[in-house]
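Working through the structure, step by step
Chain residues, written in single-letter form:
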Amino acid sequence: MGKTLFDKIWDAHVVHTVEDGPQVVYIDRHFIHEVTSPQAFAGLKSRGIPVFRPKQTIATADHNVPTENQHLPIKDALSRHQVDTLIKNCKDFGVELYGLGHPYQGIVHVIGPELGITQPGMTIVCGDSHTSTHGAFGNIAFGIGTSEVEQVLATQCVLQRKPKTMKVQVDGELNKGVVSKDIILYIISQLSASGGTGHFIEFCGTAIESLSMEARMTICNMSIEMGARGGLIAPDEKTFEYIKGRTFAPKGAEWDKKLSYWKTLRTDEDAQFDSSYHFNAEDIEPMITYGTNPGMGIGITQFIPQVNGNSVAGLEKSLKYMELQGGSQLLGREIDFVFIGSCTNSRIEDLRLVAEMVKGKKKADRVQAMIVPGSRQVEQQAIAEGLDKVLKEAGFELRQPGCSACLGMNEDKVPKGKYCVSTSNRNFEGRQGPGARTMLASPLTAAAAALTGRITDVRDFYKD
Amino acid sequence: MEKFTQLFSKCVLLPEENVDTDQIIPARFLKAVSREGFGDNLFRDWRYLDESTPNPDFVLNQPGVEGQILVAGRNFGCGSSREHAAWALYDYGFRVIISSFFADIFKNNALNNGLLPVQVSDDVLAKIFKTVNNDPATLAEVNLEEERLVIEKAGISENFEINNYKKYCMINGFDDIDFLINKSEEIKAYEQNRELVI
Ligand code: SF4
């Protein structure tokens, strides 16, 4: 019987199998950041051991950094101490750091691919659940906890049980105004926030293949929001084209050798998945969430489900938190905030989509609109293309790179009780600040909401 | 890691589903560089109405509620990979979490920190909620050696599953790093035999 792409990559990285237990899995690339690494380095120090393969770990500061005046010392003492600790640890242990001020700095899942560090066939981990993003390049990438970060630093391996495999196939052509964020919000709304638990998902089908690399990253990024360990997409010409020439991409003869290997990375025709789902791209509308987990999403013209005996888990509590009525429509509701950013949607294509939509227009007065590029390189590219001017003229605040209001760890927070249309990946209670009410959507839907001050169907912008 | 073999305790009930790690420990409290002290901010936004006023409706603030076992609804620990969630629960004093379903990364994190996730069926979970609701003094016994959960008052005597390797680690207080460091020769040999990716 054939093997899935996931099985091929996984099996090639198994160093040792514990009987009736986990496997020792070798890790090719390890990303670290300031929030989930300090306790791991402290562990190495107390054991008196070095980083086993320092060249395979790359560090950046992103979760806890300010998005204004990054050239000045960080104001918040605890945040500053955490970032300083990362700098010191990287220096002490010989790990490359793309910290604040470095031209490569940015959200860890944005910089890996854009620097060409993320490549097909690899195993990639980071102490952050959205490590699944990198899977868009046909590799196994997953989030780990700090104890596991310490394992990787100490041995370049993690102990894991092999997940099950799931296939999610989306065929057909996307409707106008529907983008990759809508596809993944749709899939999660169909399979629920725990529908992928214990699985690694391979996304495939003509609708997925038609997406750009950046759009594919958005899909894999949110596979974790259905509980999956990660998601991946088989590499193809678009993948190779994207990687070629990037800073850390293989060059010359090395490129040729890797390319011929990468071309073998496909699921065999007769491979079996533990479970499979199939969706049609034509069924997908622009999506938005109404509740407090990413599974609570609906098409923009649909109605919030009624609370009754068979409603989804926690619906009543969610709607109370969101102050929304079951059976009502979101369309037309006033909103207060728009956040465009996070490792889900902060790349240059996202900024271009937003700029194109708001060009020559003004945001609604009631709305505060913040746009936070995923990396310094994205920021520089946006400036080079003049997007910064378009966005500023439309009334958007363009900030410096970081995770920002995606998790509300720095001062970028949505105030209590306010509604925010956000391109990030989590609408949990308080995720964007205590009491904040998050509605997840695509960059297009978020930009449209900024312009009208209301939940808006982007397709209205394409009429006539 | 502390050893764990057996525990008798009362239960604390949190009958919510999809309790995510942002609720267990909100991001703004993740700025520490050590593992200690996170218990103070466990369930912070549910536990407090504002900066310092405890929310009287939240279970951890109710008089008489105590115990080292937290019983919670399905899909406990979903969301972010922050191990701080496991540290906060442990630091607060919990040693066992009972639920009908755990998110993957949380489960690993818990096991890596001596916090035992006990997965039971939805029916058993409902029974526990009902019994403890009626009598908060109900005692539960968790026996890791025998992989058994016993709550006499609820008529529960259930086996739970944990893989042998993790069980061995918890009973002996070993962690994965010790195990991996012992494998370093094998890891080096593996590195020698491959070239494609590195
Ligand atoms: S942008 Fe948000 S989801 Fe992505 S790594 Fe940062 S905090 Fe995590």
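Reading the values: rules and limits
Residues numbered from 1 in each chain as written. Chains lettered and ligands numbered in written order. Predicted model: local features only at pLDDT ≥ 70, side-chain atom pairs only at ≥ 80, totals over all residues. Heavy atoms only, no water. UniProt positions renumbered as here; feature names shortened; annotations may be inferred. Contact = heavy atoms within 4.5 Å. Buried area = accessible area lost by both parts, 1.4 Å probe. Salt bridge = Lys/Arg side-chain N within 4 Å of Asp/Glu carboxyl O. Polar contact = N/O pair within 3.5 Å; in protein donor to acceptor, adjacent residues only side chain to side chain. Helix = DSSP H or I, 4+ residues; strand = E, 2+ residues; numbered from the N terminus. Buried < 20%, exposed > 50% of the residue type's maximum accessible area, 1.4 Å probe, protein only. Phe/Tyr/Trp six-rings, centres within 6.5 Å; stacked < 30°, edge-to-face > 60°.

Chain B appears in an unreviewed UniProt entry as 3-isopropylmalate dehydratase small subunit from Marivirga lumbricoides. Quoted verbatim from the Sequence similarities (unreviewed entry) field of the UniProt record, the comment on chain B reads "Belongs to the LeuD family. LeuD type 1 subfamily." As recorded by UniProt, the Subunit (unreviewed entry) comment attached to chain B reads in full: "Heterodimer of LeuC and LeuD."

The name an unreviewed UniProt entry assigns to chain A is 3-isopropylmalate dehydratase large subunit, from the organism Marivirga lumbricoides. Listed under Pathway (unreviewed entry) in UniProt, the entry text for chain A is "Amino-acid biosynthesis; L-leucine biosynthesis; L-leucine from 3-methyl-2-oxobutanoate: step 2/4." We quote the UniProt Sequence similarities (unreviewed entry) comment for chain A here in full: "Belongs to the aconitase/IPM isomerase family. LeuC type 1 subfamily."

As a further point, take the interface of chain A and chain B. With 73 residues of chain A at the interface, the matching set in chain B holds 55 residues. A buried area of about 5200 Å², summed over both sides, lies between chain A and chain B, and 58% of it is on carbon and sulfur atoms. Across the contact surface, chain A and chain B share seven salt bridges. The residue R431 of chain A makes a salt bridge to D22 of chain B at a minimum N-O spacing of 2.9 Å. Linking chain A to chain B there are 29 residue pairs in polar contact (both at pLDDT 80 or more). Elements with a minimum of two residues in the side of chain A that touches chain B: β1 (14-17), β2 (23-26), α2 (38-47), α3 (77-93), α5 (146-155), β8 (157-160) and α10 (252-262) of chain A. Ranked by the residues each element gives to the side of chain A that touches chain B, the list is headed by α5 of chain A, at seven residues.

A separate point is the UniProt feature "binding site: [4Fe-4S] cluster" (unreviewed entry) in chain A. All names here are of chain A. UniProt marks C343, C403 and C406 with the feature "binding site: [4Fe-4S] cluster" (unreviewed entry), using the numbering shown here. On the basis of their most widely separated C-alpha atoms, the annotated residues across 64 residues gather in one place, lying no more than 8.7 Å apart. If you trace the backbone, C343 turns up in the loop between β15 (337-340) and α12 (348-358). The class of C343 is buried, set by a relative accessible area of 7%. Apart from residues no more than four positions distant in its own chain, C343 is found in contact with I107, H109, V110, H130, T133, N221 and N425. Structurally, C403 can be placed in the loop between β17 (397-398) and β18 (419-422). Not counting chain neighbours up to four residues away, the residues in contact with C403 comprise D62, H63, I107 and F339.

Turning our eyes to something else, we now look at the packing of aromatic side chains. All names here are of chain A. Counted according to the given criterion, the structure contains 21 aromatic pairs over all chains. On the numbers, 6.5 Å between centres and 85° between planes, the contact of F142 with F200 is edge-to-face. Of this pair, F142 sits in strand β7 (residues 140-143) while F200 sits in strand β10 (residues 199-204), and the two are 58 residues apart along the sequence. Each ring, one from F240 and one from W262, has its centre 6.1 Å from the other, and the planes form 20°; the classification is stacked.

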